[in-house]
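Structural characterization, general
The primary structure of each chain is shown beneath.
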Amino acid sequence: MNLHEYQARVLLRAAGVPVPEGDVASTPAEAEAIAQRLGGAVVVKAQVHAGGRGKAGGVKLAAGSAEAREVAAKILGMTIKGLVVEKVLVVPAAEIASESYVGLIMDRETQRPVFMVSAAGGVDIEEVAATAPEKIFRLPVDPRYGLLAHQALGLGLRLYSDFAQARAAASIMQQLYGVFVANGASLAEINPLVTTPAGQVLALDAKISVDDNELDRRPDLAALRDESAEAPSEVAARNAGLTFIKLDGNVGCVVNGAGLAMATMDLVKFYGGEPANFLDIGGSSNPEKVVNALRIITADPSVKAILFNIFGGITRTDDVANGIVTATRQFKVELPIVIRLTGTNEAEAFRILQGVGMRALSDMDEAVKQAVALAREAA
Ligand code: GDP
Ligand code: MN
């Protein structure tokens, strides 16, 4: 789950990271009032779960409160990477002497948190990573000991030659590590970490992603979820107990089990198609889940064909067949459906589908080929 910048900065500030003051607004009038309270020039920042807001026009300077209101009116309602801006953060404008990058991710390869720092921070860090990766320094942290003082200072010295600034950065690294661990984050990032002309070190942007598995035991973090900022299909899927990730293709996939879902997506690509989603209806048998899955997939206008790929183990394929039949009775499914079923109760499943004039396949390759072809014809 991604936190908004205005939420992430509260966690950082509580840990002692120097974060400028500021507040979040949903209307231009609220933005004006915050700017008035802060006094002087402010920066108005779109709060959406997307990077590159600056380049998209979602981060703007305003000389005073009246201008803050105008700028907020422009940014609120704007669309950035498909996401509508519902809130803006208003912060005092900082003077910037340099911009660095500090990131901390949970790395699967080394199985530990890894710091990534670069003196070439700011809005173009993705480009630095692509064209000059040697400018990004990586440090895996042993979770048994945490970030040791000398390691933190080493990271600070990668960013600044001024010793006071390096020490200030070192404290920020340790605070960031603390926030990362305490909140079960998979990512925590400050970009840019700036120096001011007066020599201060400040965190001007904050991004934190919390591991979804953390949320059951951390209701305080779960409460930070902003459903209005997430893809509607993903929200509906989560509420229906489905694991769903929307993708860019046109073959809607309904699969049981994450591994089979991955294999199905691979095969769709292998036969020249593009999956519209990752969807795992889970291991248990529940026709209702199939109905919900079909409802979510058919609501996506980019889907041109639907592919079921069900391997019946604990999942009973007759339950899935019943789910498909129930769904087509509850709402009209205009899209072609290709069904591949094999395993537990498959004879019964085939009979149920035949009863409503639908046909199932047992060969996975054949089903995927058909679904890809149907999606291509319809596109
Ligand atoms: P992002 O583009 O979504 O990562 O948004 P950021 O919050 O990182 O802002 C993008 C860029 O806007 C930063 O890299 C800075 O160059 C600039 N910026 C943000 N806040 C301030 C500020 O307070 N003062 C100045 N001068 N520039 C700022
Ligand atoms: Mn940024």
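Data block above holds the structure.
Residues numbered from 1 in each chain as written. Chains lettered and ligands numbered in written order. Predicted model: local features only at pLDDT ≥ 70, side-chain atom pairs only at ≥ 80, totals over all residues. Heavy atoms only, no water.

A few points about the overall build of the protein
- The helix and strand tally for the protein stands at 13 helices and 18 strands.
- In terms of overall dimensions, the protein has C-alpha extents of about 75 × 50 × 40 Å along its principal axes.
- Counting all 379 residues of the protein, 49% fall into the buried class.
- Taking contacts inside the protein between residues at least 6 apart in sequence as the whole, the part at least 24 apart equals 66%. (Helix = DSSP H or I, 4+ residues; strand = E, 2+ residues; numbered from the N terminus. Buried < 20%, exposed > 50% of the residue type's maximum accessible area, 1.4 Å probe, protein only. Contact = heavy atoms within 4.5 Å.)

Observations regarding unusual backbone geometry
- That bond from Asn 191 to Pro 192 is cis: its omega, 15°, falls within 30 degrees of zero.
- Inspection of the secondary structure puts Pro 192 in strand E10 (residues 185-195).
- Positive phi outside glycine occurs at Lys 81, with the angle close to 50°.
- Within the secondary structure layout, Lys 81 lies in the loop between strand E4 (79-80) and strand E5 (83-84).
- Despite not being glycine, Asn 345 shows a phi value in the positive range, around 65°.
- As for its placement among the helices and strands, Asn 345 is situated in the loop between strand E17 (337-343) and helix H12 (346-355).

A few points about the nonpolar core
- By size, the foremost hydrophobic cluster in this structure holds 36 residues, and its most contacted members are Val 102, Phe 115, Leu 147, Met 173, Ile 190 and Leu 193.
- Mapped onto this core, the elements with two or more residues apiece are helix H1 (5-14), strand E7 (98-107), strand E8 (112-118), helix H5 (149-159), helix H6 (163-182), E10, strand E11 (201-203) and strand E12 (207-210).
- Of all the elements, H6 adds the most residues to this core, at eight residues.
- Beyond its immediate stretch of four places on either side in the chain, Ile 190 contacts Leu 12, Val 17, Ser 100, Tyr 101, Val 102, Ile 172, Leu 176, Ala 203, Leu 204 and Asp 205.
- By size, the runner-up hydrophobic cluster in this structure holds 32 residues, among which are Ala 293, Ile 297, Val 320 and Ile 339. (Core = buried A, V, L, I, M, F, W, Y, C linked by side-chain atoms within 4.5 Å.)

What to know about the coordination of the manganese ion (ligand 2)
- Note on the manganese ion (ligand 2): its protein donors are Asn 191 (O) and Asp 205 (OD). The metal-donor distances range over 2.2 Å. One end of the pair, Asn 191, is in strand E10; the other, Asp 205, is in the loop between E11 and E12, with 14 residues separating them in the sequence. Residue Asn 191 shares its accessibility class with Asp 205, and that shared class is buried. (Donors = N, O, S within 2.8 Å, 3.2 Å for Na, K, Ca; no water.)

Examining the site of ligand 1
- The full set close to ligand 1 counts 17 residues, and Lys 45, Arg 53, Gly 54, Ala 94 and Glu 99 are the nearest of them.
- Taking Lys 45, its side chain carries an N or O atom lying 2.6 Å from an oxygen atom of ligand 1.
- Note that an oxygen atom of ligand 1 is positioned 3.0 Å from one of the side-chain N or O atoms of Asp 205.
- Burial of ligand 1 by the protein chains amounts to 81% of its free accessible area of 560 Å².
- Of all the secondary structure elements, the ones that give two or more residues to the shell around ligand 1 are strand E2 (42-46) and E10.
- When the residues that make up the shell around ligand 1 are grouped by side-chain class, the tally is nine nonpolar, four polar and four charged. (Near = heavy atom within 4 Å. Polar contact = N/O pair within 3.5 Å; in protein donor to acceptor, adjacent residues only side chain to side chain. Areas by Shrake-Rupley, 256 points an atom, 1.4 Å probe, with all protein chains shown as cover. Nonpolar A, V, L, I, M, F, W, Y, C, P; charged D, E, K, R; others polar.)

Comments concerning helix H9 (residues 258-270)
- Over its 13 residues, H9 runs 18 Å from end to end, which matches the ideal 18 Å to within 8%, given 1.5 Å per residue.
- Among the residues of H9, Leu 260, Ala 261, Thr 264, Met 265, Leu 267 and Val 268 are the ones counted as buried. Projection of H9 onto a plane perpendicular to its axis shows the buried side chains occupying an angular sector of 165°, all on one side. Every exposed residue of H9 that faces more than 90 degrees away from the buried side is listed here: Gly 259, Asp 266 and Phe 270.
- Packed against the buried residues of H9 are strand E14 (251-255), strand E15 (277-280), strand E16 (305-312) and helix H13 (364-378). (Expected span 1.5 Å × (residues − 1). Arc of directions from axis to C-beta.)

Let's talk about the sheet that holds strand E1 (residues 23-25)
- Spatial strand order, E1-E6-E2-E3: four strands in an open sheet with antiparallel pairing. Every other strand in the sheet has two partners, leaving E1 and strand E3 (59-62) as the edge strands with one partner each. Each neighbouring strand pair of the sheet contributes to a mean axis angle of 30°, computed without reference to strand direction.
- As paired elements, E2 and strand E6 (residues 88-92) share five bridges and run antiparallel to each other. (Pairing = 2+ DSSP bridges. Axes fitted to C-alpha atoms, helices over the stretch in contact; angles between N-to-C directions.)

Some points on the side chain of Lys 45
- Mapped onto the fold, Lys 45 is located in strand E2.
- Within the local environment of Lys 45, its side chain forms a polar contact with the side chain of Glu 5, the two groups lying 2.6 Å apart.
- Here Leu 204 takes part through its backbone oxygen, which lies 2.8 Å from a polar atom of the side chain of Lys 45.
- Residues in contact with Lys 45, not counting those within four places in the same chain, are Glu 5, Arg 53, Gly 58, Val 59, Lys 87, Val 88, Leu 89, Val 91, Leu 204 and Asp 205.

A short note on the pairing of E6
- Extensive coverage of E6 is indicated by the burial of four of its five residues.
- Pairing of E1 with E6 involves three bridges; the strand directions are antiparallel. Its bridge partner lying in E6, Ala 25 is registered against Val 88.

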